[in-house]
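A look at the structure
Listed below, chain by chain, are the residues.
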Amino acid sequence: DAKTTQPPSMDCAEGRAANLPCNHSTISGNEYVYWYRQIHSQGPQYIIHGLKNNETNEMASLIITEDRKSSTLILPHATLRDTAVYYCIVRATGNTPLVFGKGTRLSVIA
Amino acid sequence: SAVISQKPSRDICQRGTSLTIQCQVDSQVTMMFWYRQQPGQSLTLIATANQGSEATYESGFVIDKFPISRPNLTFSTLTVSNMSPEDSSIYLCSVSKTGEIEKLFFGSGTQLSVL
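Please read these numbers as outputs of a predicted model, since none were measured by experiment.

As a further point, take the overall build of chain A. The helix and strand tally for chain A stands at 0 helices and 9 strands. In chain A, the succession of α and β elements from N to C terminus is β-β-β-β-β-β-β-β-β. With the principal axes as the frame, chain A shows a C-alpha extent of 40 × 30 × 25 Å. Residues classed as buried in chain A amount to 44% of the 110 residues present. At a minimum sequence separation of 6, the contacts of chain A that also span at least 24 residues come to 56%. Of the roughly 5700 Å² that chain A leaves accessible, carbon and sulfur atoms contribute 48%.

Here it is, written out as structure tokens:
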């Protein structure tokens, strides 16, 4: 079973920051937090991952709380193309598969 | 990233028949996985495709129904056998690339409809 809890849906105005929360209160010390998204009719796309420090790349920022029990994915300037289902996944690094939960359906509105 | 080619991209099949889905990657990968995504649902892991040995199946999936081959480091097939309408789903191949094992990359999937 998935080890994360996410809101089923969220809306965001185009151009504004989208903040997607994720609860992972049972995360283990060797597990990373991963974020993927799935745009309609496509395979999931890697966004970002982190262990305990905040991370930023060209797509998004990941903020992980100090106790590592929750995190937030931030899309700084959401566009219509960011409309997708966003999955928060905890996973030990290495050659292990991803276990998907239900994710958050983000709708970016013009 | 890894370029993953899945064939066919979609198919419509009759119940009782079988369909083999191919996954070809443009570079050597360490791990290959097969997922199923039923309509309106999230992704469910079917199995890990092991090179040169039998695949490792998740609970609820069996080799007789979903035989998998992986003859080399860049290619795998998933067969959906004796299909029923309940097998109508998107089937996705996923890989971790050598030297970049912290990320998994996904193909665009095979949309299967069983009549």
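Moving on to the state of the cysteines. By definition, a disulfide is the covalent link that joins the sulfur atoms of two cysteine residues. All told, the structure shown has 2 disulfides over all chains when counted by the stated rule. Here A:C22 engages in a disulfide with A:C88; their sulfurs sit 2.1 Å apart. Taking the sign of the S-S torsion, -85° for the link of A:C22 and A:C88, the bridge is left-handed. Of this pair, A:C22 sits in strand β2 (residues 18-23) while A:C88 sits in strand β8 (residues 84-92); the two residues are 66 residues apart in sequence, bridging distant segments of the chain. Grouping residues by exposure puts A:C22 and A:C88 together as buried. Note that B:C23 is cross-linked by a disulfide to B:C93, the S-S spacing being 2.0 Å.

Adjacent strands of a sheet form backbone hydrogen bonds with each other and so pair up, either parallel or antiparallel. Residue and element names in this part refer to chain A. Across the sheet, which stays open at both edges, the 5 strands sit in the order β1-β9-β8-β3-β4 with mixed pairing between neighbours. Each of the sheet's edge strands pairs with one partner strand only, and the pair in question is β1 (9-13) and β4 (45-50). Adjacent strand axes in the sheet meet at a mean angle of 25° when their direction is disregarded. Pairing geometry for β8 and strand β9 (residues 104-109), over 3 bridges, is antiparallel. Looking across to β9, one finds that V85 is bridged to R105.

Taken as a whole and assessed by the stated rule, the structure comprises 10 aromatic pairs over all chains. Plain terms: the ring middles of A:Y32 and A:Y34 are 6.5 Å apart, the flat faces sit at 55° to each other, and that makes the pair tilted. By relative accessible area, which is 0% here, A:Y34 ends up buried. A ring pair is formed by A:Y36 and B:F106, whose centres lie 6.1 Å apart and whose planes are at 80°; its orientation type is edge-to-face. In this pair, A:Y36 sits in strand β3 (residues 31-38) while B:F106 sits in strand β10 (residues 100-106), so the two residues belong to two different chains. Neither residue differs from the other here; A:Y36 and B:F106 are each classed as buried.

Moving on, we come to the nonpolar core. Counting 27 residues, the largest nonpolar core has B:W34 and B:V95 as the members making the most contacts within it. Of all the secondary structure elements, the ones that give two or more residues to this core are β3 (19-25), β4 (29-37), β5 (43-49), β8 (75-80), β9 (89-97) and β11 (110-114) of chain B. With 4 residues, the single largest contributor to this core is β3(B). Other than its neighbours up to four places away in sequence, B:V95 contacts B:A2, B:I4, B:V25, B:V29, B:M31, B:M32, B:K103, B:L104 and B:F105. Counting 21 residues, the second-largest nonpolar core is a separate cluster that includes A:A18, A:L20, A:I27 and A:L73.

Parameters at a glance
Residues numbered from 1 in each chain as written. Chains lettered and ligands numbered in written order. Predicted model: local features only at pLDDT ≥ 70, side-chain atom pairs only at ≥ 80, totals over all residues. Heavy atoms only, no water. Helix = DSSP H or I, 4+ residues; strand = E, 2+ residues; numbered from the N terminus. Buried < 20%, exposed > 50% of the residue type's maximum accessible area, 1.4 Å probe, protein only. Contact = heavy atoms within 4.5 Å. Areas by Shrake-Rupley, 256 points an atom, 1.4 Å probe, with all protein chains shown as cover. Disulfide = S-S within 2.5 Å. Pairing = 2+ DSSP bridges. Axes fitted to C-alpha atoms, helices over the stretch in contact; angles between N-to-C directions. Phe/Tyr/Trp six-rings, centres within 6.5 Å; stacked < 30°, edge-to-face > 60°. Core = buried A, V, L, I, M, F, W, Y, C linked by side-chain atoms within 4.5 Å.

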